[in-house]
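The lines below spell out each chain.
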Amino acid sequence: MLTLTNEESIGALSTFNNLGITEFATPFPVIPPSTSSTPIKLIHGRKLVLKVDPSTKYPGWTPVNFKYHVFTDQEICRGSCRICYNALGEMNGNVCKMVAKQLITNDTVGKELLHSYTQTQQVYMAVSKYLKKFQAVCASSKDKPLIDIITKLQVVNSFVAYSGKHDGLDPKNVWYFEESLVDQGKFQKYTSNVYFKTQRFGDPIHLCIAAFTHYVYEITSHKHLVADLQGSGLYLTDPLILESRNAWVAEANTAEQGFANFEDQNWCYPLCCQLGLPFLPNQSSSQDHKQNHDNDYIAEHVKNGGQPDLSESMASLNNLLDDRDWDESPL
């Protein structure tokens, strides 16, 4: 547990759901953070906010007060570099369910330790900026149901937080916080660092992600590739940006393989055509966007034993487009 003394009791809180989501879409057991009679202690820490320095006119990371609690006995999942835990954080005066991520190994101490975390924050911010540009370009598309979904997509709210003295930070007291997506629905993995083939052709969100990935690839002149997109509902989390000569997050540098696989696996569908995105290098220019979608949709139909998997598509449309008639859906 965290070795801090500056804590504040917030009394008993409601527990988490009895099921959560791992990064592989497998339910995991979540231990209630407290019993009804056990108060939870909030730690008085800091979170980093990007602000413009009035004296230099340049943006920089500014620490502001942030109260939180990480349940280090409630591990959600772990990857090659980070472990995720259930957590609570105070946002706008309310205590909210959150996820706290921490690097598994890091020999750095002090303020230099924050660099690995702020680097991740910059990736989230960059992907969010790309997404807003994509949404603006898509606004003129004729596919209204898809556009309704695209305009609501967003990167989950996140930030770096820590406790203790800034110049003597302990790796155990530095975290990357995100809003919890447990209540947003089934967790889905859309792409990875090296896999970009659209997986569900009847699901509008999967089609949006495919077009978004292609869009960023084109507007950066094939230099950047948004990868590792995943999330729940209309929220995206854990993104990565591959750069043609490197990766923004060093421990996940799969750029060369990622670009090669994207150019081989990603196919253009009608939304790419509406946005004027060209076919990828080394792919035939005589392709038909709608035929690509129909062929892949039929292949998925056959793979599922002759029955197309519409469960998630229907859920997405019912939840997100419940004011539209069935015959207007993109399925």
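Treat the numbers as computed from the prediction; the structure is a model and nothing was measured. (Residues numbered from 1 in each chain as written. Predicted model: local features only at pLDDT ≥ 70, side-chain atom pairs only at ≥ 80, totals over all residues. Heavy atoms only, no water.)

**Q** Provide a residue-level description of the overall build of the protein chain, including the pertinent values.
**A** Scanning the protein chain from terminus to terminus reveals seven helices and 16 strands. If you take every contact in the protein chain between residues at least 6 apart in sequence, the share linking residues at least 24 apart comes to 60%. Split by element, the accessible area of the protein chain, about 16600 Å² in all, is 50% carbon and sulfur. (Helix = DSSP H or I, 4+ residues; strand = E, 2+ residues; numbered from the N terminus. Contact = heavy atoms within 4.5 Å. Areas by Shrake-Rupley, 256 points an atom, 1.4 Å probe, with all protein chains shown as cover.)

**Q** Would you mind going over the pairing of strand β15 (residues 240-243) in detail, with residue names and values included?
**A** Side-chain alternation along β15 places Leu240 and Leu242 on one buried face and Ile241 and Glu243 on a second face that is also buried. Sheet topology places strand β12 (residues 224-227) next to β15; four bridges connect them, and they run antiparallel. Opposite Ala227, over in β15, you have Leu240 as the bridge partner. (Buried < 20%, exposed > 50% of the residue type's maximum accessible area, 1.4 Å probe, protein only. Pairing = 2+ DSSP bridges.)

**Q** Now, about the packing of aromatic side chains: what can you tell me, with residues and values included?
**A** Per the counting criterion, the structure on display carries 12 aromatic pairs. Where Phe66 meets Phe177, the ring centres are 5.2 Å apart and the plane angle is 80°; that geometry is what we call edge-to-face. With Phe66 in strand β5 (residues 59-78) and Phe177 in strand β10 (residues 174-179), the pair connects residues that are 111 residues apart, well separated along the chain. The class for Phe177 is buried, based on a relative accessible area of 0%. Judged by centre distance (6.3 Å) and plane angle (45°), the ring pair of Tyr217 and Phe259 falls under tilted. (Phe/Tyr/Trp six-rings, centres within 6.5 Å; stacked < 30°, edge-to-face > 60°.)

**Q** So, the environment of Ile241: which residues are in play, and what are the values?
**A** Within the secondary structure, Ile241 is located in strand β15. Residue Ile241 is classed as buried on the basis of its relative accessible area of 0%. Sequence-wise, Ile241 and His224 are 17 residues apart; in three dimensions their C-alpha atoms are separated by 6.5 Å.

**Q** Account for helix α3 (residues 204-219), with residues named and values stated.
**A** In an α-helix, one turn spans 3.6 residues, which is why side chains three or four residues apart end up on the same side. With 16 residues, α3 extends 23 Å between its outermost C-alpha atoms, agreeing within 8% with the 22 Å of an ideal straight helix rising 1.5 Å per residue. In terms of burial, α3 is largely enclosed, as 15 of its 16 residues are buried. Where α3 starts, the residue carrying a side-chain oxygen 2.9 Å from the main-chain nitrogen of Ile205 turns out to be Asp203. Positive backbone phi, approximately 55°, marks Ser221, located one or two places after α3. (Expected span 1.5 Å × (residues − 1). Polar contact = N/O pair within 3.5 Å; in protein donor to acceptor, adjacent residues only side chain to side chain.)

**Q** Could you give me a rundown of the pattern of salt bridges, with the residues and numbers involved?
**A** Tallied over the entire structure, the rule returns five salt bridges. Residue Arg78 is joined to Glu75 by a salt bridge in which the shortest nitrogen-to-oxygen separation is 2.8 Å. Here Arg78 falls in the partly exposed class, since its relative accessible area comes to 46%. Lys97 is the salt-bridge partner of Asp183, the closest N and O atoms lying 2.8 Å from each other. Here Asp183, found in the loop between β10 and β11 (187-189), pairs with Lys97, found in strand β7 (residues 94-103); they are 86 residues apart in sequence, far enough to count as distant. Beyond isolated ion pairs, a larger network of salt bridges with shared partners links Lys101, Glu178 and Asp238. (Salt bridge = Lys/Arg side-chain N within 4 Å of Asp/Glu carboxyl O.)

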